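Structure at a glance
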Amino acid sequence: MPQELVRSGIPGLDYLLGGGFPARRMYLVHGPTGSGKTTLGAQFAIEGVRANETTLYVTLAESHEEMQQVAESHGWDLRGVKLFAPQTGEKDLPRDQYTLFHPGEVELTDLINKIIEEIRETQPARVVIDSLADIRLLARDPLILLRQMRLLRATLADVHCTVLLLNNLLRSNDRSGSLETFAHGIIELEYSDNLYGATRRCISIIKVRGTRYVSGRHDAKITTGGLVVYPRLVPEASAVPGETSLISSGSEELDRLCGGGLESGSSTMLIGSAGTGKSTVAAQFALAAAERGEATSMFLFDETDRSCRLRWEGMNMPLMQYVEQGLVRTCNVDPTE
């Protein structure tokens, strides 16, 4: 039977999941501070509002005002998302009056009960709990944590909702095996600081029971607008079906050297020292394609748009008119990014 899928609000992540999260299941999202867990959770919640689903966002790490600030920084509208920030019972009873149980255990029970009460009252289709760090600290003992989380899972199962549990990792090996065992799926976010250039972010799908997904580490980036996921390239999945043809350079002599032109769907590397004409040959192919009405993208690592355009003008190559028409597009790339 085909599974009902719930979109995450992140197209790249939905692609990795085969269309989205299998519905009415609980998923664990691991990651250190700053890796994008809250961003992912918020996008998941906002996607629920777009789908006309009742959405509950339980925030234990941030206040309503802080969540609104995060939303405003990305241009999001949280209207329609039910924000719930429960408080533990420590205000009702001073810590020195706990005589039988550890304060953390009493406060954890109180916290879980408040979350369960809100879930039963709201009857949401989607739930985000951000984050489990406070719950883990209150539990102290893995058995206590497991007992409370099983109670929470049973309530969520009764409501038939799809749940994201955001779990903060203080260290790379700071995982809770008990949490991972009862989660239907596990997603891990990570980032690394390079010796030079920007921070690199990655996302991995550790498991999703009963479904096929794209494994491995995939690049990600937090931009204004949310988390963007770039699935790793898989050759057989990226191939475009169709018959091959020869692509002309616009130069009869160069085409003759290439056996009539370059084969479509193939890759060709131009090798040579500085000044031997590599960029000129590439521009020749782009010009010939534009004259045929075909689009070309040129990614510039070593030069700017201005230096390229000056060269085209100096060599009497009318590429600028095709840039203005949108048939040729140049994109400057910072190698450190």
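To be clear, the structure that these remarks concern was listed above.
Note that the structure is a prediction, hence the values are computed from the model and not measured.

How each quantity is defined
Residues numbered from 1 in each chain as written. Predicted model: local features only at pLDDT ≥ 70, side-chain atom pairs only at ≥ 80, totals over all residues. Heavy atoms only, no water. Helix = DSSP H or I, 4+ residues; strand = E, 2+ residues; numbered from the N terminus. Buried < 20%, exposed > 50% of the residue type's maximum accessible area, 1.4 Å probe, protein only. Contact = heavy atoms within 4.5 Å. Areas by Shrake-Rupley, 256 points an atom, 1.4 Å probe, with all protein chains shown as cover. Core = buried A, V, L, I, M, F, W, Y, C linked by side-chain atoms within 4.5 Å. Pairing = 2+ DSSP bridges. Axes fitted to C-alpha atoms, helices over the stretch in contact; angles between N-to-C directions. Polar contact = N/O pair within 3.5 Å; in protein donor to acceptor, adjacent residues only side chain to side chain. Phe/Tyr/Trp six-rings, centres within 6.5 Å; stacked < 30°, edge-to-face > 60°. Lys NZ or Arg CZ within 6 Å of the ring centre and 35° of its normal. Lys, Arg positive; Asp, Glu negative; His and termini not counted. Salt bridge = Lys/Arg side-chain N within 4 Å of Asp/Glu carboxyl O.

The next point concerns the overall build of the chain. Helix and strand content of the chain: 12 helices and 15 strands. Counting the 337 residues in the chain, one finds 42% classified as buried. Partitioning the contacts of the chain with sequence separation of at least 6, the portion at a separation of at least 24 is 67%. With an accessible surface of roughly 19100 Å², the chain has 51% of that area assigned to carbon and sulfur atoms.

What follows covers the nonpolar core. Within soluble globular proteins, side chains that are nonpolar generally end up buried alongside one another. If you look at the biggest cluster of nonpolar residues, it comprises 33 residues, and the most contacted ones within it are Leu13, Phe21, Leu40, Tyr57, Leu164 and Ile203. Looking at which element gives the most residues to this core, the answer is helix α2 (residues 37-50), with five residues. Once residues within four sequence positions are removed from consideration, tyrosine 57 is found in contact with Thr38, Gly41, Ala42, Ala45, Met67, Val81, Lys82, Leu83, Phe84, Val128, Asp130 and Leu166. Counting 32 residues, the second largest nonpolar core, distinct from the first, contains Leu111, Ala139, Val159 and Cys161.

To continue, consider the sheet that holds strand β7 (residues 162-168). Strand order in this open sheet of nine strands is β5-β4-β6-β7-β3-β8-β9-β10-β11, and the pairing throughout is mixed. Either end of the sheet is taken by a strand with one partner, and the two such strands are β5 (81-84) and β11 (226-230). Between one strand axis and the next, the sheet turns by 25° as a mean value, whatever way the strands run. Sheet topology note: the strand β3 (residues 26-31)/β7 ladder contains six bridges and is parallel. For tyrosine 27, the partnering residue across the bridge sits in β7 and is leucine 164. Of the strands in this sheet, β4 (55-59), β5, β10 (217-223) and β11 touch helix α3 (residues 64-74), which is tilted by about 145° from β5.

This part is about the environment of arginine 292. Among the secondary structure elements, arginine 292 is positioned in the loop between α10 (278-291) and β14 (296-300). Here arginine 292 falls in the partly exposed class, since its relative accessible area comes to 38%. A sequence separation of 42 residues divides arginine 292 from glycine 250, and the C-alpha atoms of the two residues are 9.8 Å apart. Among residues more than four places away in sequence, those in contact with arginine 292 are Ile247 and Ser248. Separated by 3.1 Å, the side chains of arginine 292 and glutamate 294 make a polar contact.

This paragraph deals with the packing of aromatic side chains. Per the counting criterion, the structure on display carries two aromatic pairs. Judged by centre distance (4.8 Å) and plane angle (45°), the ring pair of phenylalanine 21 and tyrosine 27 falls under tilted. Like phenylalanine 21, the residue tyrosine 27 is buried in the burial classification. Considering the side-chain rings of phenylalanine 21 and phenylalanine 44, the 5.8 Å spacing of their centres and the 90° angle between planes classify their relative orientation as edge-to-face. Placement of the pair is phenylalanine 21 in strand β2 (residues 21-22) and phenylalanine 44 in helix α2, with a sequence separation of 23 residues. Since its relative accessible area comes to 0%, phenylalanine 44 is described here as buried. Connected via pairs of aromatic rings, a cluster forms that spans Phe21, Tyr27 and Phe44. Arginine 126 extends its terminal NZ or CZ atom over the ring of phenylalanine 44, reaching a point 4.6 Å from the ring centre. The side chain of arginine 201 reaches across the aromatic face of tyrosine 191, ending 5.6 Å from its centre.

Time to look at the side chain of arginine 201. Inspection of the secondary structure puts arginine 201 in strand β9 (residues 200-208). Put simply, arginine 201 is tucked away with no salt bridge, and the nearest opposite charge, on aspartate 193, sits 7.6 Å away. Separated by 2.6 Å, the side chain of arginine 201 and the backbone oxygen of glycine 34 make a polar contact. Sequence-distant contacts of arginine 201, defined by excluding residues within four places in its chain, comprise Gly34, Ser35, Glu190, Tyr191, His218, Asp219, Ala220, Lys221 and Ile222.

Here we take up the pattern of salt bridges. In total, this model carries 12 salt bridges according to the counting rule given. Across the pair arginine 50 and glutamate 47 runs a salt bridge whose closest N-O atoms are separated by 2.8 Å. Residue arginine 50 and its partner glutamate 47 are both found in helix α2; the two are separated by three residues, about one turn of the helix. Overall, arginine 50 belongs to the exposed group, its relative accessible area being 56%. Judged by its relative accessible area of 15%, glutamate 47 is buried. Among the salt bridges present, the one from arginine 256 reaches glutamate 252, with a minimum N-O distance of 3.1 Å. Separated by four residues within a single helix, arginine 256 and glutamate 252 lie in helix α9 (residues 252-257), roughly one turn from each other. No difference in accessibility class separates arginine 256 from glutamate 252, as the two residues are exposed.

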